[in-house]
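Listed below, chain by chain, are the residues.
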Amino acid sequence: MSYDTLMTQSLSVKCKLIVPIELRSDIDQTLHGFADACNQILQVAQRDQCWNTNKLHHKVYKPVRESTGLKANHVCQAIRRVIGNAKALKQIHKFRPTSISLDVRTFKYVAATQSVGVTLKSGRHNFKLSIGGYQIALLRGQNLTSATLNRTRKGDYYINFGVEIDTPPTGKTPKVIGVDLGRRDIATTSTGNSWSGEKIQAMRDRYSKVRANVQRKRTRNSRRLLRRLQGREQRFQKWLNHNISKQLVQEAKQLDCALAFEELTGIRESLNQKPRSKTERRRTNNWAFFQLRLFVQYKALIAGVTVVFVPPAYTSQTCCRCGHIHPDKGKPYRSGKRFKCGHCKLDHDADVNAALNIAALGVSFVSAPERPGLCCQLQGQSSLLVNA
Ligand SMILES: [Zn+2]
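Counting starts from 1 at the beginning of each chain's written sequence and moves along it residue by residue. Where totals are concerned, whole chains, interfaces and linings use all residues; where local detail is concerned, this predicted model gives features only for residues with pLDDT of at least 70, and gives and counts side-chain atom pairs only at 80 or more. Only hydrogens and water are removed before side-chain values are computed, so all heavy atoms of the structure are retained for them.

Only the six-membered ring of Trp is used, alongside the rings of Phe and Tyr, when aromatic pairs are assigned; centres must lie within 6.5 Å, and planes under 30 degrees apart are stacked while those over 60 apart are edge-to-face, with the rest tilted. This structure, assessed with the given rule, holds 6 aromatic pairs. Consider the rings of Tyr333 and Phe339, whose centres lie 5.9 Å apart with planes at 50 degrees: the pair is tilted. Across this residue pair, the class does not change: Tyr333 and Phe339 are buried. One aromatic cluster is present, built from ring pairs that chain together Phe107, Tyr109 and Phe161. Two thresholds decide whether a charge sits over a ring: the Lys NZ or Arg CZ must be within 6 Å of the ring centre and within 35 degrees of the ring normal. Positioned above the aromatic ring of Tyr158, the side-chain terminus of Lys14 is 4.7 Å from the ring centre. Categorising residues by exposure relies on relative accessible area from a 1.4 Å probe, with only protein chains included: less than 20% of the type maximum marks a residue as buried, more than 50% marks it as exposed, and the intermediate range marks it as partly exposed.

See the structure below:
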């Protein structure tokens, strides 16, 4: 595997479509047709236990096209969607008419006019994109081969373009800032910066109390109120994550460093395995690490800052000075916010200690990405979503 392939990132660039009123029903009909097709295909696949794209194609293509009136490539994409979902989710639910997968034959992005041509059931239509500098920069010069068209609950339409972006290779002696994402502090860097989570946690707790109250009373307006509360909470979260990610990327850019994070896939599961209080569980699951990482990734791409992900094992129980790994059980290595090494007697801020370990792992990954061992769990591929 070469350095270049290792460091490409696939991401999805979200762009709002400007849809004239008279074309809304054309899109909606296509969305319904696509969901219909997916549900029919799913039935056949389940009945015959057939999860092979080609074999399934032979079984369903003709009847599905006839009953839905979709174009040929829509049906092919529906088959892919069904099989992809079955593999990714294991448990399968009914498809709802909220999105359709597109391929080279069913969409075309036109940079000159910032518009996109989309094939619907009724034929090809052009839509203007309502997008900003971020999206234009990410789409520039891209050979776009996949996209999805989505309808939000509010009735807005978006298109998500799948793009592949090479992250710039770094110099010979990489410098890396490690970032530890925690619960008490949202983020702590190996350079000693941290963003306290107290304020946002207080806000979340307040909202959750209000929510519980509203749910208990079940008044007529409670649903609307709940949605509004949720919206406010999410906007605050988003604002905060934008701020933190901006500062992280700025610091990395100024110091000419890469940023290293822990690979967080599956963090919810592993954290939830331990019995925890209800409050504790809610906090973990709500925590918007994912969004923060996302924002960092796309800000970093534009700023030319490299982002790497390291395996999360032992980063908080390893001593950053002597490298001693403290067993989970046995002698405690943490006391409050301090990390206390039982080996070399280091006494350090626990989050900064973890961030320093992440930075050290990050260095080995940036300088020798092809070396197995430390980075064997990483493919350098990650997907992210760029929000408008
Ligand atoms: Zn030590």
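Anyway, onward from the coordinates.
Since one α-helical turn is 3.6 residues long, residues separated by three or four positions face the same way. With 20 residues, helix α6 (residues 198–217) should reach 28 Å at 1.5 Å per residue; the first-to-last C-alpha distance of 29 Å fits that figure. Of the residues making up α6, those classed as buried are Ile200, Gln201, Met203, Arg204, Tyr207, Ser208, Arg211 and Val214. The buried residues of α6 occupy an angular sector of 155 degrees when the element is viewed end-on, so they sit on one face. Relative to its buried face, α6 has exposed residues pointing more than 90 degrees away, namely Glu198, Lys199, Arg206, Lys209, Arg216 and Lys217. Numbering of helices and strands runs from the N terminus, with a helix taken as a DSSP run of H or I at least four residues long and a strand as a DSSP run of E at least two residues long. Phi for Arg218, located one or two positions after α6, is positive at around 50 degrees. Multiplying 1.5 Å by the residue count of a helix minus one yields the expected span of that helix. What the arc covers is the set of directions going from the helix axis to the C-beta atoms.

Here the zinc ion is held by the protein donor atoms Cys319 (SG), Cys322 (SG), Cys341 (SG) and Cys344 (SG), which lie 2.3 to 2.4 Å from it. Donor criterion used throughout: N, O or S atom within 2.8 Å of the metal, extended to 3.2 Å for Na, K and Ca. Water excluded; incomplete-looking sites may result. Geometry assignment treats four donors as tetrahedral when all angles are between 85 and 135 degrees, treats four as square planar and six as octahedral when opposite donors are over 155 degrees apart and all others between 65 and 115, and treats everything else as irregular. Taken together, the 4 donor atoms surrounding the zinc ion define angles of 107 to 112 degrees at the centre, an arrangement classified as tetrahedral. Considered as a linear motif, the donors of the zinc ion on their single chain read C-x2-C-x18-C-x2-C. With Cys319 in the loop between β12 (307–310) and β13 (334–335) and Cys341 in the loop between β14 (338–340) and β15 (347–349), this residue pair connects regions lying 22 residues apart in the sequence.

Another point: the side chain of Thr318. Mapped onto the elements of the fold, Thr318 is located in the loop between β12 and β13. In the analysis that follows, any N or O atom pair within 3.5 Å is treated as a polar contact, provided that within protein one partner can donate a hydrogen and the other can accept it, and provided that, for residues neighboring in sequence, both atoms belong to side chains. There is a polar contact of 2.7 Å between the side chain of Thr318 and the backbone oxygen of Tyr314. Any two residues having at least one pair of non-hydrogen atoms within 4.5 Å are treated as being in contact. Those residues in contact with Thr318 that sit more than four places away from it in its chain are Gly323, His324, Ile325, Phe339, Asn353 and Asn357.

Structurally, Ile79 is set in helix α4 (residues 72–89). For Ile79, a relative accessible area of 1% translates into the label buried. Each C-alpha atom, one on Ile79 and one on Leu42, is 8.4 Å from the other, the two residues being 37 residues apart in sequence. When near neighbours in sequence (up to four residues on either side) are disregarded, Ile79 contacts Ile41, Thr53, Leu56, His57 and Val60.

Before going further, it helps to spend a moment on the sheet that holds strand β9 (residues 185–189). Reading across from one edge, β10-β9-β8-β11-β12 is the order of the 5 strands in this open sheet, with mixed pairing throughout. Two strands lie at the open edges of the sheet, namely β10 (194–196) and β12, each paired on one side alone. Sheet twist, expressed as the average angle between the axes of neighbouring strands with direction ignored, equals 20 degrees. The pairing of strand β11 (residues 258–262) with β12 spans 4 bridges and is classified as parallel. By the bridge assignment for β12, Ala260 is matched with Val308. Axis definition: a line fit to C-alpha positions, over the contact stretch in the case of helices; interaxial angles, taken between N-to-C directions, run 0 to 180 degrees. Against the sheet, helix α10 (residues 289–303) contacts β8 (176–181), β9, β11 and β12, and its axis sits at roughly 145 degrees relative to β12. Here, a strand pair is defined by DSSP locating no fewer than two bridges between the strands.

With that out of the way, let us pick up the nonpolar core. Core analysis: the biggest nonpolar cluster contains 47 residues, and Ile159 and Phe161 have the highest contact counts within it. When residues no more than four places from it in sequence are discounted, the contact partners of Phe161 are Leu11, Ser12, Val13, Cys15, Phe107, Tyr109, Val116, Leu129, Leu139, Leu144, Ser146 and Ala147. Working definition of a nonpolar core: buried Ala, Val, Leu, Ile, Met, Phe, Trp, Tyr and Cys residues. They are joined through side-chain atoms within 4.5 Å. Formed by 26 residues, the second largest nonpolar core is a distinct cluster that contains Ile177, Ile200, Ile244 and Val307.

For helix α3 (residues 53–68), built from 16 residues, the straight-helix expectation of 22 Å at 1.5 Å per residue is missed by more than 12%, its first-to-last C-alpha distance being only 19 Å. One fitted axis covers the seven residues ending at a residue, a second covers the seven starting there, and the bend at that residue is the angle between these axes. For α3, the principal kink sits at Val60 and spans about 45 degrees; a proline, Pro63, occurs within the next four residues. Along α3, the residues that are buried comprise Leu56, Val60, Val64 and Thr68. The distance from a side-chain oxygen at the start of α3 to the backbone nitrogen of Asn54 is 2.9 Å, and the residue carrying that oxygen is Asn52. One or two positions beyond α3, positive phi appears at Gly69, with a value near 75 degrees.

Let's shift gears to the pairing of strand β4 (residues 115–120). The element β4 is extensively covered by neighbouring structure, given that 6 of its 6 residues are classed as buried. By the alternation rule, side chains of β4 split into Ser115, Gly117 and Thr119 and Val116, Val118 and Leu120, which are all buried. Sheet topology note: the strand β3 (residues 107–110)/β4 ladder contains 4 bridges and is antiparallel. In the strand pairing of β4, Val110 is matched with Ser115. Turn length for the β3-β4 hairpin, with the two strands adjacent in sequence and antiparallel, is 4 residues, and the turn residue Gln114 shows positive phi of about 50 degrees. Where β4 and strand β5 (residues 123–130) come together, 6 bridges link them in antiparallel fashion. Across the sheet, Val116 pairs through a bridge with Phe127, a residue of β5. The loop that links β4 with its antiparallel partner β5 comprises 2 residues.

Read these as layout, nothing more, since geometry by itself doesn't imply function.
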